[in-house]
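What the coordinates show
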Amino acid sequence: MTSTQGSDASVKAHSPDEPFTHRLATVADDVERFLVALLDETLRAGEIARPPRLMEAMRHAVLGGGKRLRPFLAIETARMLGGSEESAMAAGAGVELVHCYSLVHDDLPAMDDDDLRRGKPTVHKAYDEATAILVGDALQTLAFEITADAQWQPDPAIRADLVLGLAKASGLGGMVGGQLLDLTAEGRFGEVSLDVDDTLRMQAMKTGAILAFSVEAGAIVGNADREQRAALLRYGKALGQAFQVADDILDREASPEAMGKATGKDKDAGKATLVDRLGLEGARAECDRLVGVCEEAVAPWGERARILREAARFTVARKT
């Protein structure tokens, strides 16, 4: 069993009228504390050792950056449904660890070959490529360890549902498969031309699947029924698509300083984006349409869904 000894890993109480940006920042702080506790030097039951270099590089990859949008979505969805926020925190942290592992591997020279991530050197630049590969491997397996831990998810049916969902969202039919399609779109394996539908499919897998599962994880922890889960999945899928389109727009318009990483690389690499297919104005219109889909999906929850509605608007209005 994983323990977060010596650290308060609970979620703080929030006012229902709290401004969205403050709520996002406060939950991000809660998530940061949880992740710090997971990545300390304390040896856990069943572990032989925690190699210092590996732990240091894992902390470099995970801590001190990011909006923590994925765990935020899990926590806020569970909160809306009256589920355990501590259980949602652990489920969301599992998704965040998968996300961080994917960034470490995506930054490698064989993939996107990036030097900066969140305003600091990427793991293979701060350490070396072999360490970066092992960091990604370790973060992925730690994600499933946390998700399957009875300390956070006492109900075995919920644990199984979360593990299965995370595996599907992050694996060959989700994030990893989408990353392969992204490389294919660059022409790595021969000439290829992606139309709008192909681009949407690739983005739904590479970025959207994990974001959508973040919402679904909160629904699972919150014991949503079939109809509620279907509605929240519609929200999550539309949000994931909107996030990627907004990211493509930022890649064209934002500065490297604002983004904390290189920008304009997608266009230079010939990556498939909706900005290329629809133009900037068309991409912005698509973002607006997707926000409408998100708002319609959570309409049955009324005011309780305020934070999820604001999360959709924030996703397309963000500047980083």
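Just above sits the structure.
The residue numbering used here restarts from 1 in each chain and proceeds along that chain's sequence as written. Under the rules for a predicted model, residues below a pLDDT of 70 receive no local features and side-chain atom pairs below 80 are neither given nor counted, while totals for whole chains, interfaces and linings still include all residues. For side-chain calculations, the full set of non-hydrogen atoms in the structure is used, while hydrogens and water are omitted.

A separate point is the layout of surface pockets. Lining residues are defined by having an atom within 4 Å of a point belonging to a cavity or pocket. Those points lie on a 1 Å grid over the protein atoms alone, cavities being sets where a 1.4 Å probe fits but cannot get out and pockets being open sets with protein on both sides within 12 Å along at least five of seven lines. Grid points are joined across faces, edges and corners, and a volume is the space filled by probe spheres set on the points. Size it by volume and the second largest pocket reaches roughly 420 Å³. Lining the second largest pocket are 23 residues, with Ala 209, Ala 212, Glu 216, Leu 233 and Lys 237 sitting closest to its centre. Among the elements that take part in the lining of the second largest pocket, helix 9 (residues 196-221) stands out by supplying 8 residues, more than any other. Throughout, the ten residues Ala, Val, Leu, Ile, Met, Phe, Trp, Tyr, Cys and Pro are labelled nonpolar, Asp, Glu, Lys and Arg are labelled charged, and all others, Gly among them, are labelled polar. Broken down by class, the residue content of the lining of the second largest pocket amounts to 12 nonpolar, 6 polar and 5 charged. Each helix is a run of H or I in the DSSP string that is no shorter than four residues. Each strand is a run of E no shorter than two, and both are numbered from the N terminus.

Take a probe with the size of a water molecule and roll it over the atoms, and the empty space left behind shows itself. With the rule as written, the count across this model stands at 1 cavity of 30 Å³ or more. Lining the largest cavity are His 60, Ala 61, Cys 100, Leu 103, Val 104, Asp 107, Arg 117, Arg 118, Lys 120, Pro 121, Thr 122 and Val 123. Mapped by element, the contributors of at least two residues to the lining of the largest cavity are helix 2 (52-62), helix 4 (85-106) and strand 2 (120-121). Top contributing element to the lining of the largest cavity by residue count: helix 4, with 3 residues. Residues that form the lining of the largest cavity fall into these classes: 6 nonpolar, 2 polar and 4 charged.

In this analysis, the expected span of each helix is defined as 1.5 Å times one less than the number of residues it contains. In a regular helix each residue adds 1.5 Å, so 15 residues correspond to 21 Å; helix 7 (residues 156-170) covers 21 Å between its end C-alpha atoms and thus fits that length. Note on definitions: a residue-residue contact is assigned when non-hydrogen atoms from the two residues lie within 4.5 Å. Those residues of helix 7 that are buried are in contact with helix 4, helix 6 (129-147), helix 8 (175-185) and helix 9.

Right, let's get into the pattern of salt bridges. Note on definitions: salt bridges are taken to be side-chain nitrogens of Lys or Arg within 4 Å of carboxyl oxygens of Asp or Glu. Applying the stated criterion across every chain, the model contains 26 salt bridges. When the shortest N-O distance is used, the salt bridge between Arg 117 and Asp 107 registers 2.7 Å. One end of the pair, Arg 117, is in strand 1 (residues 116-117); the other, Asp 107, is in the loop between helix 4 and strand 1, and 10 residues separate them in sequence. Under the relative-accessibility criterion, Arg 117 is labelled buried at 16%. Between Glu 286 and Arg 289 there is a salt bridge, and its shortest N-O distance comes to 2.8 Å. Taken together, the residues Glu 286 and Arg 289, both in helix 13 (residues 274-297) and 3 residues apart, mark about one turn of the helix. Partly exposed describes any residue whose relative accessible area lies between the buried limit of under 20% and the exposed limit of over 50%, with all areas from a 1.4 Å probe on protein chains only and scaled to the type maximum. Glu 286 sits in the buried class, given a relative accessible area of 15%.

With that settled, the discussion passes to the packing of aromatic side chains. The aromatic pairing rule takes the rings of Phe, Tyr and Trp, using the six-membered ring of Trp, and pairs them if the centres are within 6.5 Å, calling planes under 30 degrees apart stacked, those over 60 edge-to-face and the rest tilted. What the rule picks out here adds up to 3 aromatic pairs. Each ring, one from Phe 20 and one from Phe 72, has its centre 5.6 Å from the other, and the planes form 90 degrees; the classification is edge-to-face. With Phe 20 in helix 1 (residues 20-38) and Phe 72 in helix 3 (residues 69-81), the pair connects residues that are 52 residues apart, well separated along the chain. Of the two residues examined, Phe 20 and Phe 72, each falls in the buried class. Relative to Trp 152, the ring of Phe 34 has its centre 5.1 Å away and its plane inclined at 65 degrees; by these criteria the two rings are edge-to-face. Highlighted residues: Phe 34 in helix 1 and Trp 152 in the loop between helix 6 and helix 7, separated in sequence by 118 residues. By the burial criterion, Phe 34 is buried, and Trp 152 matches it. Grouped by ring-pair contacts, the aromatic residues Phe 20, Phe 72 and Phe 314 constitute a single cluster. One residue, Arg 70, lies across the ring of Phe 243, its end atom 5.4 Å from the ring centre. We count a charge as sitting over a ring when the NZ of a lysine or the CZ of an arginine lies within 6 Å of the ring centre and within 35 degrees of the ring normal.

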